[in-house]
Structure formats: C-alpha cells, structure tokens
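# Summary of the model geometry
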Amino acid sequence: AYWGLYSGLLTHKWLDAPHDGEEPISQAKQDAISDDYIRRCKEKKDYASLARALIYRERWDEAISAFKAYHDQQIKGRDGDQGRAEALHGIAEAHLGAGRFEVAKQMYHDLAHTNLAWGGYYNGGKSTYPNYVDLAARQLHWMEGRRLDGLGLPKCNDLKPFPTPQEAEYTETFKSCP
C-alpha cells in the first residue's frame, strides 16, 4: 500500500470485493473490508494510506494522528516537501471533516503561504503528484467566502459572442442552436 489510497491493496481488497451482480455490498461487509485495509496499513506503517482510509470512515482524530505520523516520516526522508505538504493538507482536511472550520482554515492559510516544493514531475516525468500548496490556496479562497468565478462570466451565453449575463434554465428538452 505504498502509493496511497488507490494502491493495489485497495483496488483488489476493497473496490473489487465480491458481491452479487448489481447488488450493493452491505455496510457491515464494507466496514469489515475497510477495517482489514486499515489493519494492514498499520502493520506496514503506511501512514498516508491509513490516514486516507480513516478519513473515508470519518474517524477524524485518528486520521489526524496518522497524518502527523506521516509528516514525521517525511521530515526524515521519503518524499520530502511533497509528502510534508500532503500530510499538512490531510490534517486540515480532517479538521474540516470534524467540523473544526476555523482550525482547518488556519491550516490551509499556513500551508498556502509556505515555501514547500509543490510536487511536480518525478521519475523522469512519468508520474505527477498533486500540488497541495496550490490546493490549500484554492480551498482557503472558498472558505473565505470568495466566489470561484472571479470574472463574473455568464452562466449561459446562447452561443452569442457578447452575451448578456443571465441565469441558465435547464430542461430535459432539446433546443437547437439559432
């Protein structure tokens, strides 16, 4: 479970769990599968995957502890700044999930204003990692109540080059272009 929540272990033991055709897996069975995954992550000391699995189960404080352990691992080596940024972002995400909005907002602010390397290309450009510093800045933007559409563009332009801004009306019927 080295590459995080979407590792082979998760894919084969959790997402591909046996079920009857289209019937959903019972909640008890899902919990048993995720508990097994969490146990394996603890055994392997894969704190990033453990923390993500705990967030999925809404076990916020345990996820924070796992992300802190992951952060400590990153200080000692493996992914360096990228891993530290991932851990700090995860801690803020867990605080947000637990309803501690102001704590999460402050953590996103601190992360957005760090000088941690944001990730980019590794392995000769064969794989990329998320930019957690930029993601924190975008989440902070939302948490401060600013609009995501800073330009105020119209939601519907009726295919006109200079549209009058208007609210879109969505229907199930097809309307051809003028």
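Residues numbered from 1 in each chain as written. Predicted model: local features only at pLDDT ≥ 70, side-chain atom pairs only at ≥ 80, totals over all residues. Heavy atoms only, no water.

## Side note on the pattern of salt bridges
Applied cut-off: Definition used for salt bridges: Asp or Glu carboxyl oxygen within 4 Å of a side-chain nitrogen of Lys or Arg. The way it works is that DSSP assigns letters per residue, a run of H or I at least four long becomes a helix, a run of E at least two long becomes a strand, and they are numbered from the N terminus. Working definition: with a 1.4 Å probe on protein chains only, accessible area under 20% of the residue-type maximum means buried, over 50% means exposed, and in between means partly exposed.
This structure, assessed with the given rule, holds ten salt bridges. Asp35 is the partner of Arg59 in a salt bridge, and the nearest nitrogen-oxygen pair spans 3.7 Å. Here Arg59 is found in the loop between α3 (47-56) and α4 (60-76), whereas its partner Asp35 is found in helix α2 (residues 27-44), with 24 residues between them in sequence. Given a relative accessible area of 36%, Asp35 falls into the partly exposed group. Taking the shortest distance from any N to any O, the salt bridge between Arg39 and Glu43 comes out at 2.6 Å. On the criterion of helical spacing, the pair formed by Arg39 and Glu43 is a turn pair, its members being four residues apart in helix α2. A relative accessible area of 39% places Arg39 in the partly exposed class. Exposure remark for Glu43: the relative accessible area of 54% places this residue in the exposed category. Beyond isolated ion pairs, a larger network of salt bridges with shared partners links Asp31, Asp35, Arg57, Arg59 and Glu62.

## Let's talk about the environment of Arg57
Mapped onto the secondary structure, Arg57 falls in the loop between α3 and α4. The sequence separation of Arg57 and Asp35 amounts to 22 residues, and the corresponding C-alpha distance is 9.3 Å.

## Observations regarding helix α5 (residues 81-97)
This is how the line gets drawn: A helix is expected to span 1.5 Å multiplied by its residue count minus one.
Counted at 1.5 Å a residue, the expected span for α5 with its 17 residues is 24 Å, and the 24 Å between its end C-alpha atoms agrees. When we look at burial in α5, the residues that qualify are Gln82, Gly83, Ala85, Glu86, Ala87, His89, Gly90, Ile91, Ala92, Ala94 and His95. One or two positions beyond α5, positive phi appears at Gly99, with a value near 90°.

## Describing the side chain of Glu86
So the rule is basically this: The convention is simple: Lys and Arg are positive, Asp and Glu are negative, and His and the chain ends are not counted. Residues are treated as being in contact if the distance between any of their heavy atoms lies within 4.5 Å.
With respect to the secondary-structure elements, Glu86 resides in helix α5. The side chain of Glu86 is buried and forms no salt bridge, while Arg52, the nearest opposite charge, is found at 4.5 Å. Beyond its immediate stretch of four places on either side in the chain, Glu86 contacts Ala48, Arg52, Phe67, Tyr70 and Tyr132.

## So, the packing of α4 against α5
So the rule is basically this: Inter-axis angles, ranging from 0 to 180 degrees, are taken between N-to-C directions of lines fitted to C-alpha atoms, where helices are fitted over the stretch in contact. Roughly parallel means an angle under 35 degrees; roughly antiparallel means over 145; roughly perpendicular covers 65 to 115; every other angle is labelled oblique. When residues are grouped by polarity, Ala, Val, Leu, Ile, Met, Phe, Trp, Tyr, Cys and Pro land in nonpolar, Asp, Glu, Lys and Arg in charged, and all others, Gly among them, in polar.
Closest axis-to-axis distance for the α4/α5 pair is 8 Å, and the angle between their directions is 170°. Classed by the angle they form, the pair α4 and α5 counts as roughly antiparallel. Residue-level inspection shows Trp60, Ala63, Ile64, Phe67, Lys68, Tyr70, His71, Gln74 and Ile75 of α4 in contact with α5, the latter providing Gly83, Arg84, Glu86, Ala87, Leu88, Gly90, Ile91, Ala94, His95 and Gly97. Of the residues in the contact of α4 with α5, the class split is ten nonpolar, six polar and three charged.

## Thoughts on unusual backbone geometry
Keep in mind that most residues, glycine aside, have a negative phi and that most peptide bonds are trans. Residues other than glycine seldom take positive phi values, yet Lys45 does so here, at roughly 55°. A positive phi angle, near 60°, is found at Glu58, a position not held by glycine. Tracing the backbone shows Glu58 in the loop between α3 and α4. Looking at Glu58, the relative accessible area reads 55%, which means it is exposed.

## What about helix α7 (residues 132-143)?
This is how it is decided: Picture the helix axis, draw a direction to every C-beta atom, and the arc is the one those directions span.
In a regular helix each residue adds 1.5 Å, so twelve residues correspond to 16 Å; α7 covers 16 Å between its end C-alpha atoms and thus fits that length. Here α7 has its buried residues at Tyr132, Val133, Ala136, Leu140 and Met143. The arc that holds the buried residues of α7, viewed along the axis, is 100°, so those residues lie on one side. If you follow the buried residues of α7, they end up packed against α3, α5 and α6 (101-112). Phi for Gly145, located one or two positions after α7, is positive at around 85°.

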